[in-house]
Amino acid sequence: MTYPQWRTRTRLFNAMVLLAEGATVTDTAHACGWASTSAFVGIFAQAMGTTLGTYRACVLNQWGVGHAGGRAGTVSQSAEVPEVG
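Here we summarise the structure given alongside this text. These figures come from a predicted structure and were not determined experimentally.

To continue, consider the nonpolar core. The biggest cluster of nonpolar side chains holds 14 residues, and the ones touching the most others in it are Leu-12, Leu-19, Trp-34, Phe-40, Phe-44, Leu-52 and Tyr-55. Put simply, the parts of the chain that give this core at least two residues each are helix H1 (3-20), helix H3 (37-48) and helix H4 (52-63). Ranked by residues supplied to this core, first place goes to H1 with 5 residues. Every residue in contact with Leu-52, bar those within four places of it in the chain, is listed here: Leu-19, Val-25, Phe-40, Val-41 and Phe-44.

Laid out in structure tokens, this is it:
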């Protein structure tokens, strides 16, 4: 795995945790180092094979959070992030 691939996987994993905790997409994108929300959305969809909206809906439903902003729990550290690149 190259350094850019590793960096992207790490950033995506951190983004998944923030999203599961109820952070907004914009806040997550900036907190994880993407220059724009659209860049983050594009990489997320490419890597995960699903849109952010679908991912958030599944995660929030799984953790029983009815609104963004509540603490949804954490994503297991064994969660696998597909390779990008």
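Once that is clear, we can look at the environment of Tyr-55. Within the secondary structure, Tyr-55 is located in helix H4. Note on Tyr-55: relative accessible area 12%, which makes it buried.

Axis separation between H1 and H3 bottoms out at 11 Å; the angle between their running directions is 100 degrees. For the element pair H1 / H3, the angle class is roughly perpendicular. In contact with Thr-8, Leu-12, Ala-15, Met-16 and Leu-19 of H1, H3 contributes Phe-40, Ile-43, Phe-44, Ala-47 and Met-48. When the residues that make up the contact of H1 with H3 are grouped by side-chain class, the tally is 9 nonpolar, 1 polar and no charged.

Rules used in this analysis
Residues numbered from 1 in each chain as written. Predicted model: local features only at pLDDT ≥ 70, side-chain atom pairs only at ≥ 80, totals over all residues. Heavy atoms only, no water. Core = buried A, V, L, I, M, F, W, Y, C linked by side-chain atoms within 4.5 Å. Buried < 20%, exposed > 50% of the residue type's maximum accessible area, 1.4 Å probe, protein only. Helix = DSSP H or I, 4+ residues; strand = E, 2+ residues; numbered from the N terminus. Contact = heavy atoms within 4.5 Å. Axes fitted to C-alpha atoms, helices over the stretch in contact; angles between N-to-C directions. Parallel < 35°, antiparallel > 145°, perpendicular 65-115°, else oblique. Nonpolar A, V, L, I, M, F, W, Y, C, P; charged D, E, K, R; others polar.

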